[in-house]
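Chain residues, written in single-letter form:
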Amino acid sequence: METFNFSAGPGVLPTPVISQIKSDLAQQEFTHLSMLEISHRSAQFEAIMNSAQQRLRQLMQIPDDYEVAFIQGGGSLQFEMLPLNLATHQQKIAVLDSGNFAAKAAKAAQMVGKKVEIVASSKADKYRYLPELPQNFNANEYDYLHLTTNNTIEGTTYHQADLPQTKGYLTADMSSNILAEPYDVTKFGAIFAGAQKNLGPAGVTLVIVKKDWLADQNIAGIGPMMQYQNYFAKNSMYNTPPVFAIYALDLVLKWVQDNGGVAEMFKRNQAKANKLYDFLDNSKLFAAPVKPADRSLTNVVFTTNDQDRDARIVKLATANGLFNLGGHRSVGGFRASLYNAQPMAAVDRLIEFLDQVERDEL
Ligand SMILES: *Cc1c(COP(=O)(O)O)cnc(C)c1O
């Protein structure tokens, strides 16, 4: 039975990447020069680090006036590093509360000593649509506006055309839709993304920051591991970087390049998500609760509106080789993550399964 992994993260990786990793490790087994065993100061790894950075710059069209680094600690560490490094003037940030991870970012910024203002929220409506920036938003009061482009748990996305119009700096948590659709990097002061959703295994987070904005900050008093500048100045090797995770990331980036880049990923992701939403909208058993204009391409959330039934169907899906379809523990229901590496065949199998369940249940 062919199986499919709908996990929201760590998520599915391209099959050719897994094969490449296996063959690299097997080949290097006796030399002890595999990616799991070599120095990060070796020429072998330095080439990979530079390759990963170059591929990312090419795929996202990152201009030269932006720095790129690979940092450990996940998206969650960026909830702290971002305000510590980039909110040193007003000491205050604005947050669009579009979901669980936006709220977490707001809380973390507060805990590292910054003032935080939730300028709009859709929490009262279970985050089923995206909050919009209020007309009277005054960017001068804040160091930046924090945005979560894709809300992994709730299944909503600010697409490029929906980005809030601010005269100030915009920062984006793109953890779950980076390279899933094109974004114009120049619209952002900073972008970060944990790799384990759409870019690779867990262990590395990419961070992109506009150089002149970073240079204009006063970061006296924060520790060296928390300073972006140390990662940028040392080519992400201020300390030992996650060698294996960066090697795997480079393979995934190569796979994206070989498959037509971000524009082609976007096309495929639209086709996959549209097919599934189409089925859900026509289903008598399943429903997608998110406002259609705000729906995510990478995380499709749905439910039968009956918790016990949802849980039972998730189990049945597992028995049928469709893994990790349960929604986040905070919301329940179903979540099908359709990251770049998810093939259309997974969506077809899922729809076939849901259709059968619908006929059996009704
Ligand atoms: C998963 C996720 C995070 C948290 O990532 P960690 O690497 O677990 O810290 C943050 N933001 C978004 C949008 C996510 O999907």
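Residues numbered from 1 in each chain as written. Predicted model: local features only at pLDDT ≥ 70, side-chain atom pairs only at ≥ 80, totals over all residues. Heavy atoms only, no water.

Undergrad: Requested: an account of the overall build of the protein chain, with residues and values cited.
TA: The secondary structure content of the protein chain amounts to ten helices and 13 strands. Over its C-alpha atoms the protein chain spans a radius of gyration of 21 Å, differing by no more than 12% from the 21 Å that the globule rule assigns to 362 residues. By its C-alpha atoms, the protein chain is 65 × 65 × 30 Å across when sized along the principal axes. Residue burial in the protein chain is summarised as follows: out of 362 residues, 57% are buried. Intrachain contacts of the protein chain at a sequence separation of at least 6 include 70% that bridge at least 24 residues. Just so you have it, the protein chain exposes about 15900 Å², and 50% of that area is on carbon and sulfur atoms. The positive charge centre, built from 33 side chains, and the negative charge centre, built from 37, are 2 Å apart in the protein chain. (Helix = DSSP H or I, 4+ residues; strand = E, 2+ residues; numbered from the N terminus. Rg over C-alpha atoms; globule rule 2.2 N^0.38 Å. Buried < 20%, exposed > 50% of the residue type's maximum accessible area, 1.4 Å probe, protein only. Contact = heavy atoms within 4.5 Å. Areas by Shrake-Rupley, 256 points an atom, 1.4 Å probe, with all protein chains shown as cover. Lys, Arg positive; Asp, Glu negative; His and termini not counted. Charge placed at Lys NZ, Arg CZ, Asp CG, Glu CD.)

Undergrad: Lay out the layout of surface pockets in plain terms, naming residues and giving numbers.
TA: Of the pockets and cavities examined, the largest pocket occupies roughly 660 Å³. Every residue lining the largest pocket is counted, 25 residues in all, and those nearest its centre are K126, R128, S330, V331 and G332. Elements with a contribution of two residues or more to the lining of the largest pocket: α4 (100-111), β11 (299-302) and α9 (307-319). Per-element accounting of the lining of the largest pocket gives the leading share, four residues, to α9. Here the lining of the largest pocket is built from residues that sort into ten nonpolar, nine polar and six charged. Each of domain 1 (16-258) and domain 2 (261-361) contributes no fewer than three residues to the lining of the largest pocket. Roughly 370 Å³ of internal volume is contained in the second largest pocket. In terms of lining, the second largest pocket is formed by 22 residues, of which the most central are F101, K104, I153, Q196 and K197. Listed by contribution, the elements that provide at least two residues to the lining of the second largest pocket are α3 (74-86) and α4. Tallied by class, residues from the lining of the second largest pocket come to four nonpolar, 13 polar and five charged. Shared between two domains, the lining of the second largest pocket holds at least three residues of each, these being domain 1 (16-258) and domain 2 (261-361). (1 Å grid on protein atoms, 1.4 Å probe; cavity = no way out; pocket = protein on both sides within 12 Å on 5 of 7 lines; lining within 4 Å. Points joined across faces, edges and corners; volume = space filled by probe spheres on them. Nonpolar A, V, L, I, M, F, W, Y, C, P; charged D, E, K, R; others polar. Domains from an automatic or database assignment.)

Undergrad: Quick rundown of the site of the ligand? Include the residues and the values.
TA: In the vicinity of the ligand, 13 residues are found, and the nearest of them are S76, T152, D173, Q196 and K197. Within the contact set of the ligand, an oxygen atom lies 3.0 Å away from a backbone nitrogen or oxygen of G75. Within the side chain of S76, a nitrogen or oxygen atom sits 2.6 Å from an oxygen atom of the ligand. Burial of the ligand by the protein amounts to 86% of the accessible area it has alone, namely 380 Å². (Near = heavy atom within 4 Å. Polar contact = N/O pair within 3.5 Å; in protein donor to acceptor, adjacent residues only side chain to side chain.)

Undergrad: Mind laying out the side chain of R55, listing which residues take part and the relevant values?
TA: Within the secondary structure, R55 sits in helix α2 (residues 43-60). Given a relative accessible area of 18%, R55 falls into the buried group. Those residues in contact with R55 that lie beyond four places of it in its chain are D250, L253, K254 and Q257.

Undergrad: Quick one: what's the story with the pattern of salt bridges, residue by residue and with numbers?
TA: Counted according to the given criterion, the structure contains 13 salt bridges. Between E117 and K92 there is a salt bridge whose closest N-O contact spans 3.2 Å. Remark: K92 occurs in strand β3 (residues 92-97) and E117 occurs in strand β4 (residues 115-121); sequence separation between them is 25 residues. A salt bridge links E264 to K267; the nearest nitrogen and oxygen atoms lie 3.9 Å apart. Of the two residues, E264 and K267 both sit in helix α8 (residues 261-281), three residues apart, roughly one turn of that helix. Residues joined in a network through salt bridges with shared partners are D65, K210 and D212. (Salt bridge = Lys/Arg side-chain N within 4 Å of Asp/Glu carboxyl O.)

Undergrad: Account for the packing of α2 against helix α7 (residues 243-258), with residues named and values stated.
TA: Contact geometry for α2 and α7: axes closest at 9 Å, N-to-C directions at 40 degrees. By the angle class used here, α2 and α7 are oblique. Here the hand of the crossing between α2 and α7 comes out left-handed. The residues of α7 that touch α2, namely those facing F45, I48, M49, S51, A52, R55, L56, Q58 and L59, are V243, I246, Y247, D250, L253, K254, V256 and Q257. (Axes fitted to C-alpha atoms, helices over the stretch in contact; angles between N-to-C directions. Parallel < 35°, antiparallel > 145°, perpendicular 65-115°, else oblique. Left-handed = near helix turned anticlockwise from the far one by under 90°.)

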